[in-house]
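These are the residues of each chain, in order.
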Amino acid sequence: MRLQQASLVVAFSLVAGLTTVTAGLAGSAAYADDVAALPLSGYAHLVVDPAHQHVFVSQGVGSAGIVVTDLSGTPVTTVAGEQGATGLALSPDGGTLYAALADGGAIAAIDTATLTETARWSTGAGSSPVSVAVAGGRVWYGYTADGKGGIGSVDPSAPAPAAIPQPALSQWTTAPLLAAGGDVLAAEEPQGSLSHVATFNVASGTASVKADTLVYGGTATGLAVTGDGTRVLLAAPQQLALRAYRSTDLAAADPAAYFTGGSGSAPGSVAVDTDGTVAVAGTSGVYLYAGTNTLAENHLTLPSGTLAPDGLEWGADGTTLYAVTKDSSGAHSLNVLDAPKLTDTELALRHPQYAVPTERYTVSGSLSTRGFLPAGAALKVTRDGTALPGTTLGADGTFTFTDLRQDEGTYAYQVAYAGDATHRPATASLSVNVAKLPTDVVGTDITSANPGSVVLTGRLMAQLGLGTFPQGTTVQVARRDEATQQTVPLGSVPVDPATLQFTVTDAPGAAGSFMYVFAYAGDATHQPSESAMSIMVAPYAPTLTLNAPATAVRGAALSFGGKLGDGPYAAGRTVTVSRKDAAHSTPVTWTTPVAADGTITVKDTPDIGGANTYTVTYPGDASHKAATALATVQVSRAATALTVAGNASSYAYGATATVTAHLGTTYNGRTVSIYATPYGGTKTLLTTGTVDTYGNLRTTYKITRNTTFTASFAGDYRYAPATAARAVNGYVKIATALGGYYTSTTYSGITYRVFHKTVKPTVTATVTPNKAGQCERFQVQQYYSGAWHTLTTSGCYALSSTSSAKAQLSLTNALNQKFRVRPTYERSTKDLSNVSTWGGWLYFVVRT
């Protein structure tokens, strides 16, 4: 098959130069090898007779003969007298051509050797047979009867063959389209947007229904049954694809559709070869499918016009496809494609990641095709026309080959695939520019930058990180003083081939701005490069440490050492020492020398006790920044006596306590502070003042709960701070009331409540502060024999939420007797805010 090759040139830019690739295509579309004009008045059907090297073309209703050409489409003759020949079919032995004569109302038998009609069987007046199929030893035809469609058959082997209608198969509205494969006969007629399809088993010569239903279709122009009789293929232009159904039940087959180019492609022709290859055509051309494979192996376009409906037929050689087309003027042509099953192939080459002299580089590529990949196929490789070792195609359709060039330049590579029995050949070209890789050498980090130590790191890089640098690669380094513009060579430093980093160490000996220049000389695969990095070398920032003791004795000599880092130091350098203590708002200051190694010694005799803070300051010099350090020494002080006390150990609720603090001997400080801390409350300053000549300071405080008093002396120049504490107790407040009396009287100045003998007195006690849930007891006494005697003490009454308790007194023999009652608050072990408290007595008498 002659093919037209198309080539695509794509340019790529790579770091090592310009790389150009040409992809070779085996033809994105195939064209007919031979195209011959056909002398047709119309077109109906096509049959190929390879045994006699003939092609038969019927012309449909209104025609008078069947055109016969050779296998290249050259007219041979016209079988005349075949009125309205439409459907055609060959006998199994190829010796007879059967034609449905729509205008002649008959089925004609034509000898394919002599090209003459040998028999004609009438199908009845007005029957207009339109299709014919051979299966089960019979010739089946679709015709019209009484305004409806029907199926009939002829047994050519019968002593007196005749066209016989099949009444059991007559449920058609129009003459059905017929096709046969194996022992299966299929019939189709349009039903609006659907198709009425039935399949029959005709192995015995008698048609028995296998399936009969409506399927997706329309006005089908192509109908085929696969050679094994298992599938029915329906080409209807109203559909988006060729539909496939199982012949057993007309359910969708697998696959169910063969596409012909998408929406509007109008599939109208189908032909199935003996090997199962399906050729289906529409407005987008012819698509070929390998049996049940849904990936089209090939796509053919026919430039001679649009494919005629039902215009495809395979030759018996299994390789040639015949197609009848019609151009815009109405002229028909026969297109002969001698190798349509050859699958298009395309080679694509991808440029190497980089290509540099003396290093092997890899070119990769791929071969793509609509069908199966020819894995393992040999590919030829050339460079500038010279053969290189070939490569083979991998299972995934990819391949690689390598090459090495010593010199820079552009090299042209070509890869060729020779093709095979099912794949077309293809070639692809690629231009590779071999060039040295650009490089860059830069500083990346500064570890230190002082006059005695400059440490910096750099990195040598190839463009985009490509290429490798060999062991022993170095970078030349120089230092330029920005102030003097003097340049000092520092020699070369090695580059780590793994990290591509290098380290520069230097000691410029002075502060200032310096530029470090890096130069890479290049090698066989890398271009040279140079760059610079500016850094500011600052004076040392020395650390100053002091080793002062934590404590010292007042009035005794004190000495401690210190050290300035980043020596040496020039002779005559000093540090300033200042001491701040309680007696000096302005620090005492003096200087002390700095040794060459930075050592200093601080000497002093502190005479003020307490915190003495020493500040040592170095003012800095040309190579060193200023530095300061502090040390605090606690200088000893004498102890003094300090006490605090209240005027009682316990106080009634709300009573005022007098608190006295006493301070013993001191030097120049006589100020004391007194604080009160009630239980559960905050510490409160009561007073601060100077003690009197007796060393005392007094204040008062109202007691409502247990309270701790604290006295504090802040200390002075020679005496240390002191504190003292004393705790006092606070009673609760108890309000007591009697209930149930009817009057009052007085005995010996004491008020008595008077109760009837029938009344039980009640007594209520309320405790402040609130002690809800805690215990309240009541004690009752009687007066007789000139004294009060305890009658009873009650059990525990739990105080209510309002901190009150109520008891009822039951008295015997009480008439004209004197009594008294009092409550007592009994604190629990959890109550630490107040102590247990007795309430006051309430007096009462009982009368009739």
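Residues numbered from 1 in each chain as written. Predicted model: local features only at pLDDT ≥ 70, side-chain atom pairs only at ≥ 80, totals over all residues. Heavy atoms only, no water.

**A closer look at the environment of Gly567**
Relative to the helices and strands, Gly567 is located in the loop between strand S47 (558–564) and strand S48 (574–580). The class of Gly567 is partly exposed, set by a relative accessible area of 39%. Along the sequence, Gly567 and Asp621 sit 54 residues apart, while their C-alpha atoms lie 12 Å from each other. (Helix = DSSP H or I, 4+ residues; strand = E, 2+ residues; numbered from the N terminus. Buried < 20%, exposed > 50% of the residue type's maximum accessible area, 1.4 Å probe, protein only.)

**Considering the packing of aromatic side chains**
One pass over the structure, following the stated rule, counts 18 aromatic pairs. Aromatic pair Phe401 and Tyr413: ring centres 5.8 Å apart, planes at 45 degrees, arrangement tilted. Taken together, the residues span a long stretch of sequence, with Phe401 in strand S35 (residues 398–403) and Tyr413 in strand S36 (residues 409–417) at a distance of 12 residues. Across the pair, Tyr413 and Phe401 agree in class, each one buried. (Phe/Tyr/Trp six-rings, centres within 6.5 Å; stacked < 30°, edge-to-face > 60°.)

**Re the pairing of S47**
Only one face of S47 is buried, namely the one carrying Leu558, Phe560, Gly562 and Leu564, since none of Ser559, Gly561 and Lys563 on the opposite face is buried. Where strand S45 (residues 544–546) and S47 come together, three bridges link them in antiparallel fashion. The partner of Thr545 across the bridge, within S47, is Lys563. With six bridges joining them, S47 and strand S50 (residues 599–604) adopt antiparallel strand pairing. Counterpart to Lys563 in the pairing with S50 is Thr599. (Pairing = 2+ DSSP bridges.)

**Examining the nonpolar core**
By size, the foremost hydrophobic cluster in this structure holds 24 residues, and its most contacted members are Leu456, Val475, Phe502, Val504, Tyr516, Phe518 and Ile535. Secondary-structure elements contributing two or more residues to this core are strand S39 (453–462), strand S40 (474–481), strand S42 (501–506), strand S43 (512–520) and strand S44 (529–537). Excluding residues within four positions of it along the chain, Phe502 makes contact with Val441, Val442, Leu456, Thr457, Gly458, Arg459, Leu460, Val475, Val493, Pro494, Val495 and Phe518. Within the second largest apolar cluster, 22 residues are counted, among which are Ala377, Leu388, Val415 and Leu430. (Core = buried A, V, L, I, M, F, W, Y, C linked by side-chain atoms within 4.5 Å. Contact = heavy atoms within 4.5 Å.)

**Remarks on the confidence of the model for the chain**
Across the chain, the average pLDDT comes to 91, with 96% of residues at or above 70. Below pLDDT 50 for its whole length, residues 1–23 participates in 75 contacts with residues either more than four positions away or in separate chains. Taken together, the stretch residues 25–30 has pLDDT below 50 and engages in 24 contacts with residues farther than four places along the chain or on a different chain. (pLDDT = per-residue confidence, 0-100.)

**Examining the sheet that holds strand S3 (residues 34–38)**
Read across the sheet, four strands follow the order S3-S30-S29-S28 without closing on themselves; strand pairing throughout is antiparallel. In this open sheet, the two strands that pair with only one neighbour each are S3 and strand S28 (306–314). Recorded for the sheet is a direction-independent mean angle of 20 degrees between the axes of neighbouring strands. Where S28 and strand S29 (residues 321–326) come together, five bridges link them in antiparallel fashion. (Axes fitted to C-alpha atoms, helices over the stretch in contact; angles between N-to-C directions.)

**Description of the pairing of S43**
Pairing of S40 with S43, which is carried by six bridges, proceeds in the antiparallel orientation. Bridge assignment links Val477 to a residue of S43, and that residue is Phe518. Pairing geometry for S43 and S44, over nine bridges, is antiparallel. Following the sheet pairing, Tyr516 is matched in S44 by Met533.

**Some remarks on unusual backbone geometry**
That bond from Asp254 to Pro255 is cis: its omega, 5 degrees, falls within 30 degrees of zero. Not every positive phi belongs to a glycine, and Leu115 is a case in point at roughly 60 degrees. You can see Leu115 is positioned in the loop between strand S10 (106–111) and strand S11 (116–122). The phi dihedral of Gln485 falls on the positive side, at around 60 degrees, and the residue is not glycine. With respect to the element layout, Gln485 can be found in the loop between S40 and strand S41 (487–494). Classification of Gln485 by relative accessible area gives partly exposed; the value is 48%.

**Brief notes about the sheet that holds S42**
Note on sheets: strands pair through backbone hydrogen bonds, and any given pair is parallel or antiparallel. The antiparallel open sheet is built from three strands, whose spatial order is S38-S39-S42. Of all strands in the sheet, those bounded by a partner on one side alone are strand S38 (439–450) and S42. In this sheet, neighbouring strand axes are inclined to one another by 20 degrees on average, regardless of whether the strands run parallel or antiparallel. Bridging between S38 and S39 involves 10 bridges; their strand directions are antiparallel. Bridging across to S39, Asn450 finds its partner in Ser453.

**Observations concerning the state of the cysteines**
Using the criterion set out here, one finds one disulfide in the structure. Note on cysteine connectivity: Cys775 is disulfide-linked to Cys796, with sulfurs 2.1 Å apart. Remark: Cys796 occurs in the loop between strand S66 (787–793) and strand S67 (797–798) and Cys775 occurs in strand S65 (residues 775–784); sequence separation between them is 21 residues. Note on Cys775: relative accessible area 9%, which makes it buried. (Disulfide = S-S within 2.5 Å.)

**Here's the deal with the pattern of salt bridges**
Tallying each qualifying case throughout the model produces 11 salt bridges. Ionic pairing is found between Asp581 and Arg579, a salt bridge with its closest N-O pair at 3.3 Å. There is no split in this pair, since Asp581 and Arg579 are both buried. Between Arg777 and Glu826 there is a salt bridge; the shortest N-O distance is 2.8 Å. Taken together, the residues span a long stretch of sequence, with Arg777 in strand S65 and Glu826 in strand S69 (residues 818–826) at a distance of 49 residues. The exposure class of Glu826 is partly exposed, given its relative accessible area of 33%. (Salt bridge = Lys/Arg side-chain N within 4 Å of Asp/Glu carboxyl O.)

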